Every structure is written in structure tokens, then in C-alpha cells.
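# Overview (structure and organization)
Chain residues, written in single-letter form:
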Amino acid sequence: MSDQVAPARPEGIAGRSGLWQRLRSVDGPWEVTALGVVSVLCWTTAALAPAGAWRLVPAAGGAFFFVGVACFLYSSLSGKQAVWDDLIDQLAMQGSEHVLDVGCGRGAVLTTAARRLTDGRAVGIDLWRQRDQAGNSALAAWDAARAAHVAERTEFLTADMTELPFGDATFDVVLTSMAVHNVHPLSLRRRAIAETVRVLKPGGMLIMLDIKVRGRVRQLTSLGMCSVTSRSAGPRMWWLGPLVRTTVITARKSPATGHLANAMMSQPVTATEY
Ligand SMILES: C[S@@+](CC[C@H](N)C(=O)[O-])C[C@H]1O[C@@H](n2cnc3c(N)ncnc32)[C@H](O)[C@@H]1O
């Protein structure tokens, strides 16, 4: 099917419409459930407390966590897609690029990129952890690609981001969305970032959206990446109001970068970098 008849963007974050379907694809399902439970507990405590000023404390706590749930759901189910639409537009791809999405989950970001391709290819890798995204599976990712009419130029592989199954300098663009922070310990997270650099072609572009990004700009710079920028993704990707914000990091691989990432990959992984 041609792109002209495809919808302007995938229907919802998982390529399906309907609130219930969308809720079943939420990021961090345990975290958002915990926030909801705490909110209800606070309000129950407020209702049972003796009348007076003491009621206000749990009531305010309940409101705080309720707003957290609202932010979380909005960011996961709508804001994230809107931010990626803008970022991928700004990339102004030619259409022939090879694009990798590291930790692609249910494939929403990858299919957004794949829609800009003509004879290029979009590859998503993941371990499909349900803990990190509800309903996470390669099948769900394929469904999203089919719904966006990009399945023929898309591929999904089961792989660990700390050991990408690709040769050096394979991709023109590497994307990663809310995935690297899930890797523990820090030494493995740093290894995952080095892997994104290794598989990029010289001149290729890395776009990383994530929380807990301390030290990443420094690492990318030390790996020889150039034009490294870091900025907030704004309120569209607040997870607990402004307390947990998403950062957008972009970087370009300079022609001389390859050997730096390769050198880092050959070092043993230690757990001493906490
Ligand atoms: C919060 S989800 C985000 C999914 C997708 N990038 C998005 O923005 O919709 C994080 C993803 O990272 C994946 N992940 C976690 N650790 C991984 C690892 N070591 N290698 C590959 N994927 C991993 C999870 O399975 C999950 O799909």
C-alpha cells in the first residue's frame, strides 16, 4: 500500500485507536499503577482523618500523585509521539537512510521514522520487557509497522542494546526513546551508549530521549561524537510533573569517531561505576 493512503501518523502510540488499547501500551506500567495506588491511599486517609487542617496534608498528597498519573499517561500515550514527530521532521531524512531504534518497544518511534523512508530501512531491536512497556512484544511492533504501512521497509530483532548484533558503521541514524535508563548497572548503560556510537556511520546522527541522563553528554563527547547537544523535551514529556523530565540529546558521529567507540567496546565491563 502506498504512503499516500496511510494515515498522517500511526493511530495512537501502539498503532491502534481506542483508549483501552492505548492504556495497554503505557510505558512503565508498574510505576504509573504505583502512583495511582498512592494517590487513592492518600485520599482515603484524608477521608478517614478527623475534620480539620490535618485532612489537607493527605488530600494534597493525593492531588500531587493524581497529577503525576495524569502527566505520566499524557507523556507516554501522546506527548512522546508528538515530540518524536517533531524531532524526526527536523532530521529531514532523504529517504534512503538506514535507521536503528534501540529499545524500540511496540515500535511507535520506529514506524514514525520508517514513514519518512523510501528505499531506506528501519530496524528496531528490543528485549520486549513487559516491565518497561505494557504489552511489549515483537508482534505488537510488527502490528504497529503494518498499521502504518511500513512493514516492508521495517525489521524487528530481539537483541540486547549492550551488544548490538550489527557491524561497525551500519546506520545513518540511531534513535533511542526512554530505553537506555532501563539498563543496569551504569557500566552496562555506558556500554549501550558506546554501542549506539559504534554502529553509526561517520557523519551519522544519534537522537536519544531519556531520563537519568547524567554523564551522557560527557561520555558521547569522550567517544569523539561532535555537535553534542542536550535540552529538555518540555512539558510534553514530563513523567511526574517537572520533577521527572525527559532530556533530548543529539550528537553527530565525526569521521574520526569510529575507533574510539570500538576501543571502549573492547574494554571489560565492570560494575564499579555506580
Ligand atoms: C519505556 S520502553 C520504551 C519503548 C520505546 N522506545 C518507546 O519509546 O515507545 C523501554 C524499552 O527498552 C527495552 N529494553 C530495556 N532493556 C533493554 C536492553 N538491555 N536491550 C534492549 N532493549 C531493552 C524494553 O524492553 C522496552 O521496550
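Scroll up to find the structure this text is about.
The sections below set out a description of the structure shown in this document. (Residues numbered from 1 in each chain as written. Predicted model: local features only at pLDDT ≥ 70, side-chain atom pairs only at ≥ 80, totals over all residues. Heavy atoms only, no water.)

### Concerning the pattern of salt bridges
Scanning the model with the defined rule gives 12 salt bridges in all. As a salt-bridge pair, Glu152 and Arg153 come within 2.8 Å of each other at their nearest N and O atoms. Given a relative accessible area of 52%, Glu152 falls into the exposed group. Arg153 sits in the buried class, given a relative accessible area of 8%. (Salt bridge = Lys/Arg side-chain N within 4 Å of Asp/Glu carboxyl O. Buried < 20%, exposed > 50% of the residue type's maximum accessible area, 1.4 Å probe, protein only.)

### Comments concerning helix 5 (residues 138-147)
Burial in helix 5 covers these residues: Ala140, Ala141, Ala144 and Ala145. For helix 5, the angular spread of the buried residues around the axis is 140°, confining them to a single face. Elements that come into contact with the buried residues of helix 5 comprise helix 4 (108-114) and strand 3 (154-158). Among the residues trailing helix 5, His149 stands out with phi positive, at a value near 60°. (Helix = DSSP H or I, 4+ residues; strand = E, 2+ residues; numbered from the N terminus. Arc of directions from axis to C-beta. Contact = heavy atoms within 4.5 Å.)

### A word on unusual backbone geometry
Cis peptide bonds are those with omega within 30 degrees of zero, and the linkage from His184 to Pro185 qualifies with 0°. Relative to the assigned elements, Pro185 resides in the loop between strand 4 (171-177) and helix 6 (186-199). The backbone of Lys212 shows a phi angle near 55°, a positive value even though the residue is not glycine. Relative to the elements of secondary structure, Lys212 occurs in the loop between strand 5 (200-210) and helix 7 (216-222).

### Considerations on the environment of Asn182
Within the secondary structure layout, Asn182 lies in the loop between strand 4 and helix 6. Distance in space between the C-alpha atoms of Asn182 and Arg129 is 9.8 Å, their sequence separation being 53 residues. Within the structure, Asn182 has its side chain in polar contact with the backbone oxygen of Met178 (distance 3.3 Å). (Polar contact = N/O pair within 3.5 Å; in protein donor to acceptor, adjacent residues only side chain to side chain.)

### Details of the site of the ligand
Close to the ligand lie 21 residues; Lys80, Gly103, Asp126, Asn136 and Ser177 are nearest. Note that an oxygen atom of the ligand is positioned 2.8 Å from one of the backbone N or O atoms of Arg129. Contacts to the ligand include Asp160, whose side-chain N or O atom sits 3.0 Å from a nitrogen atom. Here the ligand has 600 Å² of accessible area as a free molecule, and 97% of this is covered by the chains. Split by residue class, the shell around the ligand holds nine nonpolar, six polar and six charged. (Near = heavy atom within 4 Å. Areas by Shrake-Rupley, 256 points an atom, 1.4 Å probe, with all protein chains shown as cover. Nonpolar A, V, L, I, M, F, W, Y, C, P; charged D, E, K, R; others polar.)

### Here we look at the packing of aromatic side chains
As enumerated under the stated definition, the model contains five aromatic pairs in all. Seen from their ring centres, Phe72 and Trp239 are 5.1 Å apart, and the 75° between their planes marks the pair as edge-to-face. One end of the pair, Phe72, is in helix 3 (residues 56-91); the other, Trp239, is in the loop between strand 6 (225-232) and strand 7 (247-253), with 167 residues separating them in the sequence. Judged by relative accessible area, which is 9%, Phe72 ranks as buried. On the basis of relative accessible area, Trp239 is assigned to the buried category, the value being 5%. Note on Phe166 and Phe171: the rings are 5.0 Å apart at their centroids and 90° apart in plane angle, and the pair reads as edge-to-face. Note on accessibility: Phe166 and Phe171 belong to one class, buried. (Phe/Tyr/Trp six-rings, centres within 6.5 Å; stacked < 30°, edge-to-face > 60°.)

In short, geometric facts, not functional conclusions.
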